[in-house]
Amino acid sequence: MARRKPVPIEHKPTREQIRGRIEKMKTYALAGAVAAFGIFWGLTGTNAVNVSGKNSTRSAQQPAANPSDFFKNSGNNGLGSSSGGGGFASSSGS
Amino acid sequence: MGPALVAAALPHLAAPDLVTPVGMGRGHFRAMGTTMTVLSGAPTLGQATRLVEDLFATWEDSLSRFTPESELSYVNGQAGRPVQVSRLFWFVMGRALEAARATDGVYDPSMGTHIVEAGYDRTFDEVPTRQHHVPGARSAGGSWRKIHLDPVARTVTLPVGMRLDFGGIAKGLAVDAAVERLENEGLAPILVEAGGDLRVLGTPPGLDGWQIRVDVPDRPQVVTLHGGAMATSSRLRRQWQAGGRAMHHILDPRTGVPAASPLVSVTVAATLCAQADVAAKVALILGRAAGSDFLQTHGMSALLADEHGAVHTVGTWPIQGSA
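This structure is a prediction, so every number in the text was calculated from the model and none was measured.

Observations regarding the overall build of chain A
Piece 1. Secondary structure summary: chain A contains one helix and two strands in total.
Piece 2. If you list the helices and strands of chain A from N to C, you get α-β-β.
Piece 3. For chain A, buried positions account for 31% of its 94 residues.
Piece 4. Here chain A has roughly 6,800 Å² of accessible surface; of this, 59% comes from carbon and sulfur atoms.

With respect to the sheet that holds strand 18 (residues 311-314) of chain B
Residues and elements named next belong to chain B.
Piece 1. One open sheet holds the eight strands; their spatial order is 2-3-7-8-11-16-17-18, and the pairing between them is antiparallel. Each of the sheet's edge strands pairs with one partner strand only, and the pair in question is strand 2 (24-31) and strand 18. Pairwise comparison of adjacent strand axes, ignoring direction, gives a mean angle of 10° for this sheet.
Piece 2. Contacting strand 2, strand 3 (34-41) and strand 7 (190-194), helix 1 (residues 45-63) runs over the sheet at an angle of about 20° to strand 2.

Comments concerning the pairing of strand 11 (residues 228-234) of chain B
All names here are of chain B.
Piece 1. In terms of burial, strand 11 is largely enclosed, as seven of its seven residues are buried.
Piece 2. Where strand 8 (residues 197-201) meets strand 11, three bridges bridge the pair, whose relative direction is antiparallel. By the bridge assignment, leucine 198 is partnered in strand 11 with methionine 230.
Piece 3. Bridge count for strand 11 against strand 16 (residues 263-270) is six bridges, and the pairing is antiparallel. Bridge pairing in strand 16 links threonine 232 to threonine 267.

With respect to the packing of helix 1 of chain B against helix 5 (residues 168-184) of chain B
For any two helices packed against each other, the geometry comes down to the angle between their axes and how far apart the axes lie.
Residues and elements named next belong to chain B.
Piece 1. Between helix 1 and helix 5, whose axes approach to 10 Å, the crossing angle comes to 145°. For the pair helix 1 and helix 5, the sense of crossing is right-handed. Where helix 1 abuts helix 5, its residues Ala48, Leu51, Val52, Leu55, Phe56, Trp59 and Leu63 lie against Ala170, Lys171, Leu173, Ala174, Val175, Ala177, Ala178, Arg181 and Leu182.
Piece 2. A class-by-class count of the residues in the contact of helix 1 with helix 5 yields 14 nonpolar, no polar and two charged.

Some points on helix 7 (residues 288-297) of chain B
All names here are of chain B.
Piece 1. Those residues of helix 7 that sit buried are Gly291, Ser292, Phe294 and Leu295. Down the axis of helix 7, the smallest arc covering the buried residues is 160°, so these residues share one side. For helix 7, the exposed residues lying more than 90 degrees away from the buried face are Ala289 and Thr297.
Piece 2. Downstream of helix 7 by a residue or two, glycine 299 has a phi angle that is positive, lying close to 70°.

With respect to the pattern of salt bridges
All names here are of chain B.
Piece 1. All chains considered together, the criterion is met by eight salt bridges over all chains.
Piece 2. Residues aspartate 165 and arginine 65 are paired through a salt bridge, measuring 3.4 Å at the closest nitrogen-oxygen approach. Of this pair, aspartate 165 sits in the loop between strand 6 (155-157) and helix 5 while arginine 65 sits in the loop between helix 1 and helix 2 (71-77), and the two are 100 residues apart along the sequence. Of the two residues, aspartate 165 and arginine 65, both sit in the buried class.
Piece 3. Close ionic contact of arginine 213 with aspartate 215 constitutes a salt bridge, the shortest N to O distance being 3.1 Å.

Observations concerning the environment of Arg101(B)
Piece 1. With respect to the element layout, Arg101(B) can be found in helix 3 (residues 87-102).
Piece 2. For the pair Arg101(B) and Arg145(B), spaced 44 residues apart in sequence, the C-alpha separation works out to 8.9 Å.

Some words on the interface of chain B and chain A
Piece 1. Taken together, the contact pairs 74 residues of chain B with 39 residues of chain A.
Piece 2. Summing both partners gives a buried area of about 4,500 Å² for chain B against chain A, and 53% of it is carried by carbon and sulfur.
Piece 3. Broken down residue by residue, the surface that chain B buries against chain A is led by Arg101(B), Gln211(B) and Gln275(B), which jointly contribute 15%.
Piece 4. In this assembly, chain B and chain A are joined by zero salt bridges.
Piece 5. At the surface where chain B touches chain A, the tally comes to 17 residue pairs in polar contact (both at pLDDT 80 or more).
Piece 6. Along the lines of polarity and charge, the residues of the side of chain B that touches chain A split into 36 nonpolar, 24 polar and 14 charged.
Piece 7. Across three bridges, strand 1 (residues 79-81) of chain A lies against strand 10 (residues 221-225) of chain B in antiparallel orientation. Note on strand 10 of chain B: the bridge partner recorded for Leu79(A) is Leu225(B).

Cut-offs used in this document
- Each chain carries its own residue numbering, running from 1 in the direction its sequence is written.
- Labels follow written order: the first chain is A, the first ligand is 1, and so on.
- For this predicted model, a pLDDT threshold of at least 70 governs which residues receive local features, and a threshold of 80 or more governs which side-chain atom pairs are given and counted, while totals over whole chains, interfaces and linings are taken from all residues.
- Side-chain metrics rest on all non-hydrogen atoms present in the structure, leaving aside hydrogens and water.
- Comment: elements are numbered from the N terminus, with helices defined as DSSP H or I runs of at least four residues and strands as E runs of at least two.
- We call a residue buried when its accessible area falls under 20% of the maximum for its residue type, exposed when it is over 50%, and partly exposed in between, using a 1.4 Å probe and counting protein chains only.
- Values of accessible area rely on a 1.4 Å probe in the Shrake-Rupley scheme; residue burial ignores everything except the protein chains shown.
- Think of it this way: DSSP has to see at least two bridges between two strands before they count as a pair.
- Orientation is described by axes fitted as lines to C-alpha atoms, over the contacting stretch for helices, and by angles from 0 to 180 degrees between their N-to-C directions.
- Pairs of residues are marked as contacts when any of their non-hydrogen atoms sit within 4.5 Å.
- It is the rotation of the near helix from the far one that decides the hand of a crossing: anticlockwise by less than a right angle makes it left-handed, clockwise makes it right-handed.
- In this classification, the charged set is Asp, Glu, Lys and Arg, the nonpolar set is Ala, Val, Leu, Ile, Met, Phe, Trp, Tyr, Cys and Pro, and all remaining amino acids, among them Gly, are polar.
- The arc in question is traced by the directions running from the helix axis to the C-beta atoms.
- By definition, a salt bridge exists where a carboxyl oxygen of Asp or Glu is found within 4 Å of a side-chain nitrogen of Lys or Arg.
- What gets called buried area is simply the loss in accessible area from a 1.4 Å probe that two parts show on being joined, summed for both.
- The definition of a polar contact used here is a pair of N or O atoms within 3.5 Å, where within protein one atom must be able to donate a hydrogen and the other to accept one, and adjacent residues in sequence count solely through side-chain atom pairs.

Spelled out as structure tokens, the structure:
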């Protein structure tokens, strides 16, 4: 069995460097967890209506995050009076 | 056999006195049981009309409740079992449920069984010749809350006994999709109208808006629409008699029968055609006070006509005669 080549003493990390590496790994782990949660939530939450994935079950009875999403930015102020005439099209009802 | 079901639909008022803006052309075709209109720059009218016609054909193939081969008919026939659906169906289903939630169920896509039992079981052109039983009492709606969606498998499971009827929202969403497709093709300015539900993009050459005639009973108005969409919901258009009772196609999900609203028509201007369509229907069902509150809450402008011939405006809807 090949023996591991000893690391010269001048290349060994200091205690502070090891601590720094551990902190960096913790940061990456946290960022990964946040990203994974974001992807999961994107697939199963917010805009989905009633969702049942492998890990989550919601029914349409449960309120959505924002029940008014359908009418988001629905306001129309682009109306003006007209001098009359036949009109280009008709909103006649259905 | 029950009494004859006699339709009393008013003649369509999309009359010959409509004018076409200078430099533009007007295309027509039939889809979704109604007449479609496309207004586009004259040189590109053919291209624009073909794109819209193709889009509506695709949507109608999937979403018509009057076509036995449609995806909607298949899903309705499989109630109680999960059915994998197309992306188009999934999109419309999702938007319909969003609308149901946003209106506390006053818009209800799960009233398919109710509307069939009320006698509107085929395209309205065919309804007058049908014999139909007198509709009995129905339970209220609300079954949309029991629809189960699985976004991973993209399946829809309807509760047993329920049938979907998307109603006008499918038409409104199709108009929105058509306008967005034409925008992507660089074909603005355009107007796409489906049986009175319409949306515009850009403005006609030399003008700052589109003149739209609103067919209020006995007093049609013409307003200028600078952008966005407009839709009208009316209980005067698709009417019939059954058992001596006046029936119309706008059901109140709270009762399960045609809405007993004092309003006869509501026209709404909104950003999107689907929003205008749903809002007009909901306001008509709710009546003048609650309907106006609903529309104001969402910042929409509207014209409400009641059964006594009076009209009421909401938001920035122009008072006729004002500058």
